[in-house]
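Structural description and commentary
So the chains spell out like this:
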Amino acid sequence: MAIDETELRTRMRKLVASGELLTDAVGRARRYLADADDRPVAPTAGAVAALERFSEPLPASVGDASEILAMLDEVGSPGTVAQTGARFFGLVNGGMIPTAHAARVLADAWDQNAAVGAVSPTNAAIEETCQAWLRDLFGLPEHTVAGFVSGTSLAIVCGLAAARWRLCERAGYDVNARGLADAPSLRIVASRHAHSTVLKAVALLGFGTDNIEWAEVDDQGRLDPATLPELDRHTILILQAGNVNSGSFDPIRQCTDQARRAGAWVHVDGAFGLWAAACKSLAHLTDGHELADSWSVDGHKTLNTPYDCGISLCADPEAMVASLQNSAPYIVASEHRDGMLYTPEMSRRARAIDLWATLRYLGREGVDRMVLSLHQRTNQFAAELADAGFDVVNDVVFNQVMIRVGDQVATDAFAAAVQASGEAWVGGSSWFGEPVIRISVCSWMTASDDVSRAVRAMRQAHEL
Ligand SMILES: *Cc1c(COP(=O)(O)O)cnc(C)c1O
């Protein structure tokens, strides 16, 4: 049926005014969350097959709003993996703090563009507060600035871009203006176990992954400082707080001391592991991290903010802002914070609000307890798996545990069987070239019964 533009506006105004659509959405969201913990963790084959309904041609005309929402819920919800529940142990995937989710629902109604303070004073104020709280929680230098990006992938790009700008500037070279062709040649030193997104950042920034100088790792995947190449004023050293498989931490203080003496830049990738620094009994793991120049960390992993929430931190504000420079006549630089100065993006959702609500709710003590609890549940996992006769591969230091269940075929079959049980979700990985199953305990929801229940499912999968 044909519709003119006035009619379209009228219809949409009605949707806003009545509020029924939003109430319906909230009701559906509530029902989803209420049984996210009871339904099978992985969607059933039938639910996945039903997603076929999304492959339809673009509608020719304006649709019915409540029908669209119903379709999303009836077809989409069953096709999701229950990542907000207590027994999803794949990737490094946090749950969702209810306060943060609720704050986000409200902030979604604001639809703020976080680019400049002038168009969102609230977001600007909240970003400033989050920046101060993060400095405090992680014990970072007081001039450290934070950029709120989509995830650690981008936060690493930011850290390395700041490093590139600063090291070039020290050599009297403006890399923004003159580009890479004649730039002083910078060196990248990283561990063999650096996360794949470190390689992505190195590639994106034009350093070239073939040029990485590798340091070797020990049997837990920790960088071995004895194998660090000679560092100098042209070097960017990338360290890791939290190995994505074993959860181990590089000896940050030792490496950073060496880097500082040499005048190198140190970036710490602490996507999930930097949160150990905010937990009294685990803080020793990141010892010395505050001596680095830049850090990347996620809210959406260990801290359990909703997706997406990445944070780039830099103790050299000038380098951070200069490397991400952006200006145009129509952009009013305000007395409020302009978020885009600290991120590669200009327009951006106001994701610091979710982070603020999380930290405001948990406080120092809540963060400490939650992080500790993830660690304790991981210890429990390792102990119960060992009791069940599984071959536990790593020393549990944080929230990751790996087991060996056989060759690649056996490992894939095991992961598929656990996923198909609906009881838990675990995935495979490779550890020094050998197939393993990895378990990442990241959700605030996971209680001791959940761990036992997951181990039971894994035991059954092993017997299949
Ligand atoms: C998850 C992870 C990343 C990438 O983070 P995203 O938030 O997925 O972009 C980088 N490094 C480590 C160690 C990680 O665990």
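Please refer to the structure higher up on the page.
Model, not experiment: these values are computed from the prediction.

Cut-offs and rules
Residues numbered from 1 in each chain as written. Predicted model: local features only at pLDDT ≥ 70, side-chain atom pairs only at ≥ 80, totals over all residues. Heavy atoms only, no water. Phe/Tyr/Trp six-rings, centres within 6.5 Å; stacked < 30°, edge-to-face > 60°. Helix = DSSP H or I, 4+ residues; strand = E, 2+ residues; numbered from the N terminus. Buried < 20%, exposed > 50% of the residue type's maximum accessible area, 1.4 Å probe, protein only. Pairing = 2+ DSSP bridges. Axes fitted to C-alpha atoms, helices over the stretch in contact; angles between N-to-C directions. Left-handed = near helix turned anticlockwise from the far one by under 90°. Contact = heavy atoms within 4.5 Å. Nonpolar A, V, L, I, M, F, W, Y, C, P; charged D, E, K, R; others polar. Core = buried A, V, L, I, M, F, W, Y, C linked by side-chain atoms within 4.5 Å. Domains from an automatic or database assignment.

Observations regarding the packing of aromatic side chains
This model, assessed by the stated rule, comprises seven aromatic pairs. Consider the rings of Phe272 and Phe398, whose centres lie 6.1 Å apart with planes at 25°: the pair is stacked. A residue pair is termed long-range when its members are at least 10 positions apart, and Phe272 in the loop between strand E5 (265-269) and strand E6 (294-298) and Phe398 in the loop between strand E8 (391-392) and strand E9 (400-404) qualify at 126 residues. For Phe398, a relative accessible area of 2% corresponds to the buried category. Considering the side-chain rings of Phe390 and Phe414, the 5.9 Å spacing of their centres and the 70° angle between planes classify their relative orientation as edge-to-face. Of this pair, Phe390 sits in the loop between helix H12 (352-387) and E8 while Phe414 sits in helix H13 (residues 408-421); the two residues are 24 residues apart in sequence, bridging distant segments of the chain. Residue classification places Phe414 among the buried positions, given a relative accessible area of 3%. Chaining the aromatic ring pairs together yields one cluster made of Phe249, Phe272 and Phe398.

Examining the sheet that holds strand E7 (residues 310-314)
The seven strands are arranged E1-E7-E6-E5-E4-E2-E3 in an open sheet whose pairing can be described as mixed. Sheet topology places strand E1 (145-149) and strand E3 (212-215) at the edges, where each strand pairs with a single neighbour. Put simply, the sheet's adjacent strands are angled 20° from each other on average, direction ignored. Two strands pair when backbone bridges link them, and strand E4 (residues 235-240) and E5 are joined in this way by five bridges, in the parallel orientation. Residue pairing across strands places Gln240 opposite Asp269, the latter belonging to E5.

Re the packing of H12 against helix H14 (residues 448-463)
Taken N-terminus to C-terminus, the directions of H12 and H14 make an angle of 35°; their axes are 10 Å apart at the nearest point. Crossing of H12 against H14: the hand is right-handed. Of the residues in H14, those touching H12 at Arg377, Gln380, Phe381, Glu384 and Leu385 are Ser448, Val451, Ser452, Ala454, Val455 and Met458. A class-by-class count of the residues in the contact of H12 with H14 yields six nonpolar, three polar and two charged.

Notes on the nonpolar core
Leu134, Phe138, Leu237, Trp275, Leu313 and Leu355 are the most contacted members of the largest nonpolar core, which totals 60 residues. Of the residues forming this core, the biggest block, ten residues, is contributed by H12. Mapping this core onto the domain boundaries places at least three of its residues in each of domain 2 (102-359) and domain 3 (365-463). With 35 residues, the next largest nonpolar core counts Val145, Ala163, Ile188 and Met320 among its residues.

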